[in-house]
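# Structural overview for review
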Amino acid sequence: MSYIVKTTSGGLIYLKASHVIHVRRPNSIEGAKVLGKPLVINADHIGFLSFNLEGHVTYFMASGFEISLKIFYEEAEEAFHCAKARIEKIVK
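Parameters and conventions
- Residues numbered from 1 in each chain as written.
- Predicted model: local features only at pLDDT ≥ 70, side-chain atom pairs only at ≥ 80, totals over all residues.
- Heavy atoms only, no water.
- Salt bridge = Lys/Arg side-chain N within 4 Å of Asp/Glu carboxyl O.
- Helix = DSSP H or I, 4+ residues; strand = E, 2+ residues; numbered from the N terminus.
- Buried < 20%, exposed > 50% of the residue type's maximum accessible area, 1.4 Å probe, protein only.
- Core = buried A, V, L, I, M, F, W, Y, C linked by side-chain atoms within 4.5 Å.
- Contact = heavy atoms within 4.5 Å.
- Pairing = 2+ DSSP bridges.
- Expected span 1.5 Å × (residues − 1).

Quick look at the pattern of salt bridges now. Between side chains of opposite charge, a pair can form when the charged atoms approach closely. Applying the stated criterion across every chain yields a total of five salt bridges. Where E78 meets K89, a salt bridge forms, and the shortest distance between an N and an O atom there is 2.3 Å. Taken together, the residues span a long stretch of sequence, with E78 in helix α1 (residues 73-84) and K89 in strand β9 (residues 89-90) at a distance of eleven residues. A relative accessible area of 29% means that E78 is categorised as partly exposed. Given the relative accessible area of 34%, K89 is considered partly exposed. Salt bridges here are not isolated pairs; linked through shared partners, they connect D44, K84 and R86.

Take the nonpolar core next. One finds V5, I13, L15, I41, Y59 and I67 to be the most contacted residues of the largest nonpolar core, which totals 22 residues. The set of elements that each furnish at least two residues to this core consists of β2 (12-15), β3 (20-24), β5 (39-42), β6 (46-51), β7 (57-61), β8 (66-69) and α1. In terms of residue count, the dominant contributor to this core is α1 (four residues). Setting aside its immediate chain neighbours within four residues, I41 contacts G11, L12, I13, L15, I46, Y59, M61 and I67.

For the rest of this paragraph, the subject is the sheet that holds strand β1 (residues 5-7). What links the strands of a sheet is backbone hydrogen bonding, and the strands pair in either a parallel or an antiparallel sense. Read from one edge to the other, the open sheet built from four strands follows the order β5-β2-β1-β9, with strand pairing classed as antiparallel. What marks the edges here is a single partner per strand, and that holds for β5 and β9. Looking at chain direction, β2 and β5 are connected through four bridges and run antiparallel. In the strand pairing of β5, L15 is matched with L39.

Time to look at α1. Over its twelve residues, α1 runs 16 Å from end to end, which matches the ideal 16 Å to within 8%, given 1.5 Å per residue. Listing the buried residues of α1 in full gives E75, A76, A79, F80, C82 and A83. Buried residues along α1 sit against β1, β2, β6, β7 and β9. R86, located one to two residues past α1, shows a positive phi value of around 60°.

Right, here's the structure in full:
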């Protein structure tokens, strides 16, 4: 896998599994694990992009999930905007 963050013309964001800190819903006991495969996010389901309480760059999803990442805010923001605009691009 030669990318960390990639967007598609279908409005999807692909994130390399090793750069995902956690996928979780606040105030829940369980967390989801990403086991080696890329995490695929539909940009239309992202509520907003910000930092969580631990200071990690996080996509806050409309469903209530938080996807925290080990990338810079600018890279996550560029991926979000490219996916919303349906532009195919390798961000990092």
